[in-house]
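Residues per chain, in single letters:
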Amino acid sequence: MSISGNQKAIMMKEKLNANFARKGIFTGLFSGCTWGLNSVLLGLALALVPVMGGKAAIFAIPLAAACMNDFIAGLWLLFYNGGAGRLQEIKRSLKTFPGLMVVVAALLGGPIANGGYLLGISMAGPAYALTITALYPIVGALLSRIFLKQNIVPRVWVGMLISVIGAIVISYVPPEGGNSETFYIGLLFASLAALGWGAEAVLAVFGMSMIDPKIAINIRELTSGLFLAIFILPFVGGWAVISQVLTLPQAFGAFAIAALAGAVSYLAWYKANSTVGVAKGMALNGTYVMWGVIFSVIFLNSPLTQNLVIGSVLVLIGTTLVAINPKQFFSKGEVA
């Protein structure tokens, strides 16, 4: 039986759509993998920073690290875009309304979210902070449903929920007795990070409706780094931390490598969000919790615990549900 021209065109379009979605899914997973690597490298870099006394150190070191991570990542991306001849496009984009939305997204995702993330780790500990921030895909999905009118099918909701449960299982550890005075403040900062990242993704996708993701993420990283450097660090003693890091080649090199991983991760995350939608993009990026612990096992000789194995399986099941429609996958081998 012959196939008409219209049928061939429809089949070709469906194949192109499936390939486009598949690339978006792999890009989202890659963003989670590299962000997990960024977290581990950032932890190693922070360990090389000299210990500072006083309560100011609680804020100064994490916020200085967030500033260096974003600003150096912005420089890496500036070299990348400059090499491709896109510097003029960055200037043009900043003069547009979508470009301004990306700037607002940068403030939500950088000073607010990244700062809150590192402050949460510093005050409440990595286990609790990662558990709270792992909720950000749910926040972003809700906001994208409200403001971007993106339809989220029940399968994706179930997948996100399973992934979040897996992230909690991975990062949760039983309390060890009394709470410090900064513990609950740390949880509050971690919650702020989840809200900031969720809101950032929605605003960034709106901005990327007219801006190349490679340009958008460069604007995002430089905006975040500069805002932290100019408006936040002078008030918390953060410049004293940066000045010390600049005199230590090993520490600065560690921050530079971590920032490179962060730049690659954000580049992939923005691309995934614009390709497969905010809900799927964030759920795939949310695997950073699993990747972070796996890299810790590989590079830092952290113990392979039962929680890690169970949680990782749950995260994989959840992200698979988010990315793939099982019925279509087994019947046609296509990605939904």
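Remember, it's a predicted structure, so these values are computed and weren't measured experimentally. (Residues numbered from 1 in each chain as written. Predicted model: local features only at pLDDT ≥ 70, side-chain atom pairs only at ≥ 80, totals over all residues. Heavy atoms only, no water.)

## Some remarks on the overall build of the protein
Reasoning step 1: Each helix and strand counted, the protein has 15 helices and zero strands in total.
Reasoning step 2: Looking at the protein as a whole, 50% of its 336 residues qualify as buried.
Reasoning step 3: Counting contacts in the protein only where the partners sit at least 6 residues apart, residues at least 24 apart contribute 87% of the total. (Helix = DSSP H or I, 4+ residues; strand = E, 2+ residues; numbered from the N terminus. Buried < 20%, exposed > 50% of the residue type's maximum accessible area, 1.4 Å probe, protein only. Contact = heavy atoms within 4.5 Å.)

## What about helix α6 (residues 136-148)?
Reasoning step 1: When the terminal C-alpha atoms of α6 are compared, their 17 Å separation across 13 residues agrees well with the 18 Å that a helix rising 1.5 Å per residue should span.
Reasoning step 2: Just beyond α6, the residue with positive phi is Lys149, at close to 60°. (Expected span 1.5 Å × (residues − 1).)

## Observations concerning the side chain of Ser265
Reasoning step 1: Residue position: Ser265 is located in helix α11 (residues 249-276).
Reasoning step 2: Of the residues examined, Ser265 reaches a relative accessible area of 2% and is grouped as buried.
Reasoning step 3: Of the polar contacts made by the side chain of Ser265, one reaches the backbone nitrogen of Trp35; its length is 3.4 Å.
Reasoning step 4: Residues contacting Ser265, with those up to four places away along its chain left out, are Ser31, Thr34, Trp35 and Asn285. (Polar contact = N/O pair within 3.5 Å; in protein donor to acceptor, adjacent residues only side chain to side chain.)

## Describing unusual backbone geometry
Reasoning step 1: Look at Lys149: it is not a glycine, yet its phi comes out positive at around 60°.
Reasoning step 2: By secondary structure assignment, the location of Lys149 is in the loop between α6 and α7 (154-171).

## A closer look at the packing of α6 against helix α8 (residues 183-207)
Reasoning step 1: Remark: α6 packs on α8, axes separated minimally by 8 Å, with the N-to-C direction vectors making an angle of 40°. One element, α6, and the other, α8, form an angle in the oblique class. Remark: the crossing between α6 and α8 carries right-handed chirality. For the pair formed by α6 and α8, the contact residues are Tyr136, Val139, Gly140, Leu143, Ser144, Phe147 and Leu148 on the first element and Ala194, Leu195, Trp197, Gly198, Ala199, Val202, Val205 and Phe206 on the second.
Reasoning step 2: Grouping the constituent residues of the contact of α6 with α8 by class yields twelve nonpolar, three polar and no charged. (Axes fitted to C-alpha atoms, helices over the stretch in contact; angles between N-to-C directions. Parallel < 35°, antiparallel > 145°, perpendicular 65-115°, else oblique. Left-handed = near helix turned anticlockwise from the far one by under 90°. Nonpolar A, V, L, I, M, F, W, Y, C, P; charged D, E, K, R; others polar.)

## Some thoughts on a nonpolar patch on the surface
Reasoning step 1: Together, Leu44, Ile298, Phe299 and Leu300 give the surface a local cluster of nonpolar side chains, amounting to about 380 Å² of exposed area.
Reasoning step 2: Following the sequence through the fold, Ile298 ends up in helix α13 (residues 288-299). (Patch = residues over 30% accessible without salt bridge, like charges linked within 9 Å, V, L, I, M, F, W, Y side chains within 5 Å. Areas by Shrake-Rupley, 256 points an atom, 1.4 Å probe, with all protein chains shown as cover. Salt bridge = Lys/Arg side-chain N within 4 Å of Asp/Glu carboxyl O.)

## Quick notes on the packing of aromatic side chains
Two aromatic rings are characterised by how far apart their centres lie and by the angle between their planes.
Reasoning step 1: If you walk through the whole model with that rule in mind, you get 14 aromatic pairs.
Reasoning step 2: Ring geometry for Tyr136 against Trp197: centres 5.7 Å apart, planes inclined by 65°, an arrangement best described as edge-to-face. Taken together, the positions of Tyr136 in helix α6 and Trp197 in helix α8 put the pair 61 residues apart, joining distant regions of the chain. Across the pair, Trp197 and Tyr136 agree in class, each one buried. (Phe/Tyr/Trp six-rings, centres within 6.5 Å; stacked < 30°, edge-to-face > 60°.)

## Side note on the nonpolar core
Reasoning step 1: Trp197, Phe255, Tyr270 and Tyr288 are the most contacted members of the largest nonpolar core, which has 70 residues in total.
Reasoning step 2: Considering each element in turn, this core owes the most residues, twelve residues, to α11.
Reasoning step 3: Once residues within four sequence positions are removed from consideration, Tyr288 is found in contact with Gly32, Trp35, Gly36, Tyr117, Leu130, Thr133, Ala134, Tyr136 and Trp197.
Reasoning step 4: If you look at the next biggest cluster of nonpolar residues, it comprises seven residues, including Ala141, Val156, Ala279 and Ala283. (Core = buried A, V, L, I, M, F, W, Y, C linked by side-chain atoms within 4.5 Å.)

## Here's the deal with the pattern of salt bridges
Reasoning step 1: What the rule picks out here adds up to four salt bridges.
Reasoning step 2: Across the salt bridge formed by Glu221 and Arg220, the nearest N and O atoms sit 2.7 Å from each other. When sorted by exposure, Glu221 lands in the same class as Arg220, which is buried.

## A word on the confidence of the model for the protein
Reasoning step 1: Overall, the prediction assigns the protein a mean pLDDT of 83, with 86% of residues at 70 or greater.
Reasoning step 2: The secondary-structure element of the protein with the lowest mean pLDDT is helix α15 (residues 326-332), recorded at 53, while helix α9 (residues 213-236) shows the highest, at 94.
Reasoning step 3: A low-confidence stretch, residues 329-336 stays under pLDDT 50, and its non-local contacts, those more than four residues away or across chains, total 17 contacts. (pLDDT = per-residue confidence, 0-100.)

## Focus on the packing of α9 against α11
For any two helices packed against each other, the geometry comes down to the angle between their axes and how far apart the axes lie.
Reasoning step 1: Axis separation between α9 and α11 bottoms out at 9 Å; the angle between their running directions is 130°. Between α9 and α11, the angle is such that the two are oblique. Considering the relative orientation of α9 and α11, their crossing is right-handed. Facing Pro213, Lys214, Ala216, Ile217, Arg220 and Glu221 of α9, the residues of α11 in contact are Gly262, Ala263, Tyr266, Leu267, Tyr270, Lys271 and Ser274.
Reasoning step 2: Of the residues in the contact of α9 with α11, the class split is seven nonpolar, two polar and four charged.

## Structural notes on the environment of Pro154
Reasoning step 1: Its place among the elements puts Pro154 in helix α7.
Reasoning step 2: Taking C-alpha positions, Pro154 is 9.6 Å from Val322, a pair spaced 168 residues apart along the chain.

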